[in-house]
Amino acid sequence: VLNLIFRRAVIYSNRLRDRVEELATLNKVGHLLATSLENRFLVANIAHATLSLVKSESGLMLVFAEGKEKLFQYAFFDQEGEKLEHQGDEGQKQLAQYVMSDRQPLLIRNARKEKIPALAGKSMPDCTSWLGVPMIIHDEVVGVLAVYTKRKRAYHFDQLRVLTTIADQAALALENARLYELATVDGLTGLFVRRYFDQRLAEELLRAQRYGSHFVLGLADLDNFKQLNDTHGHQAGDVFLKKSSEILQKNMRDTDLAARYGGEEFAFILPRTQLGEAQKVAERMCEEIASTDFSLGGEKIQLTISIGLAGFPESGEGKVTDVIARADKALYLAKREGKNRVILAPKVGQRI
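Residues numbered from 1 in each chain as written. Predicted model: local features only at pLDDT ≥ 70, side-chain atom pairs only at ≥ 80, totals over all residues. Heavy atoms only, no water.

Draft legend 1. Representation of the packing of helix α6 (residues 225-232) against helix α7 (residues 234-250) in the model. It is at 7 Å that the axes of α6 and α7 come closest, and there the two elements cross at 135°. Considering the angle they form, α6 stands oblique to α7. Together, Phe225, Leu228, Asn229 and His232 of α6 and His234, Ala236, Gly237, Phe240 and Leu241 of α7 make up the contact between the two elements. When its residues are assigned to classes, the contact of α6 with α7 shows five nonpolar, four polar and no charged. (Axes fitted to C-alpha atoms, helices over the stretch in contact; angles between N-to-C directions. Helix = DSSP H or I, 4+ residues; strand = E, 2+ residues; numbered from the N terminus. Parallel < 35°, antiparallel > 145°, perpendicular 65-115°, else oblique. Contact = heavy atoms within 4.5 Å. Nonpolar A, V, L, I, M, F, W, Y, C, P; charged D, E, K, R; others polar.)

Draft legend 2. A look at α7. Compared with the 24 Å implied by 1.5 Å per residue over 17 residues, the 24 Å span of α7 between its first and last C-alpha is a close match. Along α7, the residues classified as buried are Ala236, Gly237, Phe240, Leu241, Ser244, Ser245, Ile247 and Leu248. (Expected span 1.5 Å × (residues − 1). Buried < 20%, exposed > 50% of the residue type's maximum accessible area, 1.4 Å probe, protein only.)

Draft legend 3. The arrangement of helix α9 (residues 320-336) in detail. Here α9 spans 24 Å end to end across 17 residues, near enough to the 24 Å set by a 1.5 Å rise per residue. Those residues of α9 that sit buried are Val320, Val323, Ile324, Ala327, Ala330, Leu331, Leu333 and Ala334. Tucked into the core, α9 has its buried residues touching α5 (194-211), β7 (215-222), β9 (265-271), β12 (305-312) and β13 (342-344). Positive backbone phi, approximately 125°, marks Gly338, located one or two places after α9.

Draft legend 4. Main features of the packing of aromatic side chains. Applying the stated criterion across every chain yields a total of four aromatic pairs. The side chain of Lys93 reaches across the aromatic face of Tyr74, ending 4.9 Å from its centre. The ring of Tyr261 has Arg194 sitting right over it, with the charged end atom 3.9 Å from the ring centre. (Phe/Tyr/Trp six-rings, centres within 6.5 Å; stacked < 30°, edge-to-face > 60°. Lys NZ or Arg CZ within 6 Å of the ring centre and 35° of its normal.)

Draft legend 5. Looking closely at the pattern of salt bridges. On inspection of all chains with the given rule, the structure shows 13 salt bridges. Between Arg207 and Glu204 there is a salt bridge whose closest N-O contact spans 2.6 Å. In this pair, Arg207 and Glu204 are both assigned in helix α5, three residues apart and thus about one turn of the helix distant. Residue classification places Arg207 among the partly exposed residues on the basis of a relative accessible area of 37%. Put simply, Asp221, Asp223 and Lys335 are held in one network by salt bridges that share partners. (Salt bridge = Lys/Arg side-chain N within 4 Å of Asp/Glu carboxyl O.)

Draft legend 6. Structural detail: the pairing of strand β10 (residues 293-296). With four bridges joining them, β10 and strand β11 (residues 299-302) adopt antiparallel strand pairing. Bridging across to β11, Phe294 finds its partner in Ile301. Between the end of β10 and the start of β11, which pair antiparallel, lie two residues, with Gly297 showing a positive phi angle near 60°. (Pairing = 2+ DSSP bridges.)

Draft legend 7. Main features of the side chain of Gln159. With respect to the element layout, Gln159 can be found in helix α4 (residues 157-184). Given a relative accessible area of 11%, Gln159 falls into the buried group. The residues contacting Gln159, other than those within four sequence positions of it, are Val54, Ser56, Leu131 and Ala154.

Draft legend 8. Quick look at the sheet that holds β9. Pairing in this open sheet of five strands is mixed, and the strands run β8-β9-β7-β12-β13 from one edge to the other. What marks the edges here is a single partner per strand, and that holds for β8 (257-260) and β13. When the angles between neighbouring strand axes are averaged without regard to direction, this sheet yields 20°. Note that β12 and β13 share three bridges and pair parallel.

Draft legend 9. Examining unusual backbone geometry more closely. A cis amide bond, omega 10°, links Phe312 with the succeeding residue Pro313. The topology assignment puts Pro313 in the loop between β12 and α9. Positive phi is not limited to glycine here, since Arg153 has a value of about 50°. With respect to the helices and strands, Arg153 occurs in the loop between β6 (140-149) and α4. What makes Arg153 exposed here is its relative accessible area of 56%. A positive phi angle, close to 50°, is found at Arg272, a residue other than glycine. Relative to the assigned elements, Arg272 resides in the loop between β9 and α8 (275-291). Residue Arg272 is classed as exposed on the basis of its relative accessible area, which comes to 55%.

Following this line, the structure appears as structure tokens:
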């Protein structure tokens, strides 16, 4: 009897310890999801937090339903939490859509042997065990959080409970990120709006002054854009703005920041970067835009861009308006000297 009591006490103690560890981890997850309102960082945080709790050598799939049309976006992650760029498991996508329509979790212990109504006559998933839960906000399903693995019977009630808790937190975090994006991101180009950019520039200047670091401000303007609009129309101009902004973003790091600063004018901040490094980045942007054939109704149109750069502290200390003014004058010189080029604002003491 004593042995039986002791064994049960050990079992309950282990269960209690595991539950305490789980709750502590979920608390950390909540803080982690609250650390960023930018979608790309938030999604990565959700992936890492979920996989750290579920384990079982799992991968992760995150599904978003965007807009009134419910357009699905799928993101797959490996067991290390690294995003898989070319993953397209049709079977798992079908399972996710079933979870969204059913509004209930779906647990599959062995996809090779179970009869799965959601996959009747459709592609089988490239996994053996699968667990997906809906993400619901304001009684509306906004996505699905799912884990998968090649192992049989890898998931049970504990994983279901954990995944449901994370999904509830993730749904709220993603909704906050969506509202934040509506307020800070330009709808056409996907770049930040000017008001937000100005705020971040002020923060970057203060950080650089306090810690003695470097950063570079760039102002860029599409050449002859008014003529292009007059010739081909504003809708064509919007297409060129969007494609140009994609090229700018492609040449920037995750820590960099780009904004639509005016009609056809862009701005970007390169933190912890000196002028020489920033010049190489800006020249890549110029070269790629100039070498891209923008097609319009079968007609190929070449665009170019001019960029002015002002570095801190190379271009002098002062206010945000001083840094902007120097970058703006450098941009003016780039235009005056023939366009399609990068001009650096002079260093302290030199005249522009």
